[in-house]
Amino acid sequence: METKYWKLTGTPADAAAYAEAGALVRAGEVVAFPTETVYGLGANALNPDAVAKIFAAKGRPQDNPLIVHIARKEDIKRLTTGLNANARKIMEHFMPGPLTIIVPKAEIIPDVTSAGLDTVGVRFPINKYAQEFILACGCPIAAPSANISGRPSPTNAQDVLEDMQGKVAGILDGGSCGVGLESTVVDTTSPVPRPGAAGR
């Protein structure tokens, strides 16, 4: 597989890269993209075949759920059967940002994305490149870190290229990630929010 590579500049010239990357995702392919935490391997979270390509590229066990990324707060509504007061309060104060909340999943989330669980982790990254990419895709994006399982999570596109060249359809290079660690995960399905486990 040829892996396309786009260097983002933060200018209107990036529009062509987003359009091409978004088209690949809508066609069921995987595209790596930057966030404020680490680089992610993104595919349409609602397309089981596309999500399966993430697991294949990473060599990741399919019993490990993926986090679903959105580019607008309101997009979470279709991904869950409901948000409790804790979830809404956390979203109000900490989204967008390096935070994932676990919520009851809606039926549109395939089992391959949630690893068969009745919950799903949702994240709204603050990174502008990530937001523009997700908007260009027109769908929620399932994305674990963009590395071969067992290797360090990548914080720059060159590390992604080293692991994923020929395994994914494209890589969006947005420079170095600001945080460099995976997002904090909070399970909002409990009466008291608590740390939770998720795939990114």
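This report concerns the structure included in the present document. (Residues numbered from 1 in each chain as written. Predicted model: local features only at pLDDT ≥ 70, side-chain atom pairs only at ≥ 80, totals over all residues. Heavy atoms only, no water.)

### Re the state of the cysteines
Rules: Whenever a pair of cysteine sulfur atoms sits within 2.5 Å, that pair is classed as a disulfide.
The tally for this structure, following the rule as stated, stands at zero disulfides. Not engaged in a disulfide, the cysteine Cys137 finds its nearest cysteine sulfur in Cys139; these two sulfurs lie 5.2 Å apart. Not engaged in a disulfide, the cysteine Cys177 finds its nearest cysteine sulfur in Cys137; these two sulfurs lie 17 Å apart.

### Regarding the packing of helix α1 (residues 15-26) against helix α5 (residues 128-137)
Heads up, the rule is: All axes here are fitted lines through C-alpha atoms, helices being fitted over the stretch that makes contact, and every angle between N-to-C directions spans 0 to 180 degrees. What counts as a helix is a DSSP run of H or I of at least four residues, what counts as a strand is a run of E of at least two, and both are numbered from the N terminus. Every angle not falling under 35 degrees, over 145, or within 65 to 115 is termed oblique; those three ranges are roughly parallel, roughly antiparallel and roughly perpendicular. If you view the pair so one helix is near and one far, a crossing is left-handed when the near helix is turned anticlockwise from the far one by less than a right angle, and right-handed when it is turned clockwise. We call two residues in contact whenever any of their non-hydrogen atoms come within 4.5 Å of each other. Residue polarity follows a fixed list, in which Ala, Val, Leu, Ile, Met, Phe, Trp, Tyr, Cys and Pro are nonpolar, Asp, Glu, Lys and Arg are charged, and the others, Gly among them, are polar.
Two numbers describe how α1 lies on α5: the axes approach to 8 Å, and their chain directions differ by 55°. With respect to each other, α1 and α5 are oriented oblique. Considering only the axes of α1 and α5, their crossing is right-handed. Mapping the contact onto sequence places Tyr18, Ala21, Gly22, Val25 and Arg26 in α1 and Tyr129, Glu132, Phe133, Ala136 and Cys137 in α5. Each residue belonging to the contact of α1 with α5 can be placed in one class, and the counts come to seven nonpolar, one polar and two charged.

### Observations concerning helix α6 (residues 157-164)
Our working rule: Each residue is assigned to one of three classes by its accessible area relative to the maximum for its type, calculated with a 1.4 Å probe on protein chains only: buried under 20%, partly exposed between the two thresholds, exposed over 50%. Whenever two N or O atoms come within 3.5 Å, that pair is a polar contact, provided that in protein one can donate a hydrogen and the other can accept it, and provided that, for residues adjacent in sequence, both atoms are side-chain atoms.
Residues of α6 that are buried: Ala157, Val160, Leu161, Asp163 and Met164. Against β1 (4-7), β2 (31-33), β3 (40-44), α2 (48-58) and β8 (170-173) lie the buried residues of α6. Two to three positions downstream of the cap, the backbone nitrogen of Gln158 sits 3.1 Å from a side-chain oxygen, assigning the N-cap of α6 to Asn156. Count one or two residues on from α6 and you reach Gly166, which has phi positive near 85°.

### Focus on the nonpolar core
One recurring pattern in soluble globular proteins: nonpolar side chains tend to sit buried together. What counts is decided by this rule: To define a nonpolar core, start from buried Ala, Val, Leu, Ile, Met, Phe, Trp, Tyr and Cys residues and group those joined through side-chain atoms within 4.5 Å.
Grouped together as the largest cluster of nonpolar side chains are 38 residues, with contacts concentrated most on Leu41, Ile54, Ile101, Val122, Val160, Val168 and Ile171. Mapped onto this core, the elements with two or more residues apiece are β3, α2, α3 (85-94), β5 (99-104), β6 (119-123) and α6. Ranked by residues supplied to this core, first place goes to α2 with five residues. Leave out the neighbours within four places in its chain, and Ile101 touches Ile76, Ala87, Ile90, Met91, Met95, Val120, Gly121, Val122, Val186 and Thr188. By size, the runner-up hydrophobic cluster in this structure holds 20 residues, among which are Val25, Val31, Ala130 and Ala169.

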